[in-house]
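In case you want the letters, here they are:
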Amino acid sequence: MNLIYSMEIGRDFRYINEDRTGNYFIEGDEIECYIRNGKKYTGIIIGIGVFRENGTENLEPVVQLDTSKNDTSYSWEIIFIKDIIYISNKHKDAMPEFMNKELDKELFINTFIEAGYEEKFAKVFYDKMLPIIIIYGIPIKKAAECALYALKYQCNIEKLLKDKCDLVLDSRDKT
């Protein structure tokens with residue numbers, strides 16, 4: 001499974017993967033949508049069009065999802081096309097396991113980049129933290145935030161993980 005290479009909107013929403021395969025979605029399709037910040041949205045497409053986040057920005061292509069959980073409440077999300085990294089029909093195919101890892105890695109790295117670190121540094125730090133993240137099941141966002149805090153305040157990551165995640169790392173698990 002490849003990440004999305006390009007997307008187009010019109011009456012429908014089309015995407016093409018890196019391997020040049022693709023799919024399209026129309027209003028009424030029930031989808032699962034994964035965006036760059038690691039969030040997942042599940043809902044029914046109720047609109048495809050453009051949206052301006054505030055008065056100073058250009059119109060951006062979006063998909064509007066009905067994310068209501070039941071018939072007594074109504075909720076929806078506007079998702080910018082440029083933020084989508086994976087989308088699928090909810091009942092046709094599930095996101096492959098490796099994609100979760102790719103989303104996690106991207107979220108971790110983007111957290112570091114937003115804090116002012118270089119991507120290369122963030123990738124190295126992610127690789128070093130990955131065994132601890134996997135062994136102890138630490139949420140990726142929390143792991144990135146703890147790592148950034150430890151870097152900023154020059155403190156021990158093990159103590160920080162113990163305090164923030166209630167983890168006691170065995171000295172054999174150090175990376």
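Draft legend 1. The packing of aromatic side chains, seen in detail. One pass over the structure, following the stated rule, counts nine aromatic pairs. Ring geometry for Phe-108 and Phe-112: centres 5.1 Å apart, planes at 20°, overall stacked. Linking Phe-108 with Phe-112, this pair stays in helix α1 (residues 97-114), spanning four residues, or about one helical turn. With respect to burial, Phe-108 and Phe-112 carry one shared label: buried. Seen from their ring centres, Tyr-117 and Phe-121 are 5.3 Å apart, and the 20° between their planes marks the pair as stacked. We classify Phe-121 as partly exposed; its relative accessible area is 34%. By the ring-pair criterion, three or more aromatic residues cluster together here, those being Phe-108, Phe-112, Tyr-117, Phe-121, Phe-125 and Tyr-126. If you follow Lys-82 out to its NZ or CZ, it ends over the ring of Phe-80, 5.7 Å from the centre.

Draft legend 2. Structural context of the sheet that holds strand β7 (residues 76-80). Spatially, β7-β6-β5-β4-β8 is the arrangement adopted by the five strands of the open sheet, whose pairing is antiparallel. The open sheet has two edge strands with one neighbour each: β7 and β8 (84-89). Mean inter-strand twist for the sheet, computed between neighbouring axes without regard to direction, equals 45°. Of the strand pairs in this sheet, strand β6 (residues 60-66) and β7 are connected by five bridges, and their pairing is antiparallel. What sits directly across from Asp-66, in β7, is Trp-76.

Reading the values: the criteria
Residues numbered from 1 in each chain as written. Predicted model: local features only at pLDDT ≥ 70, side-chain atom pairs only at ≥ 80, totals over all residues. Heavy atoms only, no water. Phe/Tyr/Trp six-rings, centres within 6.5 Å; stacked < 30°, edge-to-face > 60°. Helix = DSSP H or I, 4+ residues; strand = E, 2+ residues; numbered from the N terminus. Buried < 20%, exposed > 50% of the residue type's maximum accessible area, 1.4 Å probe, protein only. Lys NZ or Arg CZ within 6 Å of the ring centre and 35° of its normal. Pairing = 2+ DSSP bridges. Axes fitted to C-alpha atoms, helices over the stretch in contact; angles between N-to-C directions.

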